[in-house]
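These are the residues of each chain, in order.
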Amino acid sequence: MTDSELRALAEQIRAELPVLIADADDRERLDRDLRQALEQPAGTTEAALRQVLQSHPAVRDRVETDNDRSVTPLPGDSTSQLGELFVCPNRDYSTVREVVTGDVLVCPHDGAALERYDG
């Protein structure tokens, strides 16, 4: 998370503090600590903000929720086929082949020829 993203998250959490933290004293302390960390010059706030954002269980949970949403997708085509599924006609074995060949695949349990599964 970049410094600017962390600052934006801290500002968002400051606005959510009344919902996140019921105890007024805890809420005021966290708001004060977040404000002080945000008042530091840009580029120097990361350590202070991370410390404050980890200082209360409700805020930690909120940050984890945000991190779960911001997971970057893996590179490549997520819709491309990864392989072909072959199943035994007796439904007691299956295997996936990344590269399909003309070879006949057989079930190691009963020797039946595996069939390509089409859904």
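The following paragraphs examine the structure supplied in this document. All values reported here derive from a predicted model rather than from experimental measurement. (Residues numbered from 1 in each chain as written. Predicted model: local features only at pLDDT ≥ 70, side-chain atom pairs only at ≥ 80, totals over all residues. Heavy atoms only, no water.)

1. Notes on the overall build of the chain
Heads up, the rule is: Every helix listed is a DSSP run of H or I at least four residues long, and every strand listed is a run of E at least two residues long, numbered separately from the N terminus. It is over C-alpha atoms that the radius of gyration is taken, and the globule rule equals 2.2 Å times the number of residues to the power 0.38. Under the scheme applied here, a residue whose accessible area is under 20% of the maximum for its type counts as buried, over 50% as exposed, and between as partly exposed, the area being computed with a 1.4 Å probe on protein chains only. Whether two residues touch is decided by their heavy atoms; if any such pair falls within 4.5 Å, the residues are in contact. The accessible surface values rely on the Shrake-Rupley method and a 1.4 Å probe; as for residues, cover is taken only from the protein chains in view.
Tallying secondary structure elements over the chain gives four helices and three strands in all. For 119 residues, the compact-globule estimate of 2.2 N^0.38 gives 14 Å, and the C-alpha radius of gyration of the chain, at 26 Å, exceeds that figure by more than 25%. For the chain, the C-alpha atoms occupy an extent of roughly 70 × 30 × 20 Å along the three principal directions. Counting the 119 residues in the chain, one finds 27% classified as buried. Here the contacts in the chain between residues at least 6 apart in sequence split such that 46% fall between residues at least 24 apart. Summing over all exposed atoms, the chain offers an accessible surface of approximately 8,200 Å²; the carbon and sulfur share of this is 49%.

2. Remarks on the nonpolar core
To keep things clear, this is the line we draw: In these notes, a set of buried Ala, Val, Leu, Ile, Met, Phe, Trp, Tyr and Cys residues joined through side-chain atoms within 4.5 Å is what counts as a nonpolar core.
In terms of nonpolar packing, the biggest core is built from 16 residues, with Ile13, Leu17, Leu34, Leu49, Leu53 and Val59 touching the most fellow members. The element contributing the most residues to this core is helix H1 (residues 3-20), with five residues. Sequence-distant contacts of Leu34, that is, excluding residues within four places in its chain, are made with Ala10, Ile13, Arg14, Leu17, Leu49, Val52 and Leu53. Of all hydrophobic cores here, the second largest spans six residues; its members include Leu105, Cys107, Ala112 and Leu114.

3. Examining the environment of Asp110
Stated precisely, the cut-off is as follows: Here a polar contact means two N or O atoms within 3.5 Å. Within protein one must be a hydrogen donor candidate and the other an acceptor candidate, and residues neighboring in sequence count only if both atoms are side-chain atoms.
Along the polypeptide, Asp110 turns up in the loop between strand S2 (94-97) and strand S3 (115-116). Each C-alpha atom of the pair Asp110 and Cys88 lies 8.8 Å from the other, and the pair is 22 residues apart in sequence. One polar contact links Asp110 to Asn90, side chain to side chain, over a distance of 2.6 Å. In this structure the side chain of Asp110 is engaged in a polar contact, spanning 3.0 Å, whose partner is the backbone nitrogen of Ala112.

4. Quick look at the state of the cysteines
Inclusion rule: Two cysteine sulfur atoms make up a disulfide if the distance between them is within 2.5 Å.
In this structure the tally under the stated criterion is zero disulfides. With no disulfide partner, Cys88 has as its closest neighbouring cysteine sulfur the one in Cys107, 3.8 Å distant. Relative accessible area serves as the criterion here: at 3%, Cys107 is assigned to the buried category.

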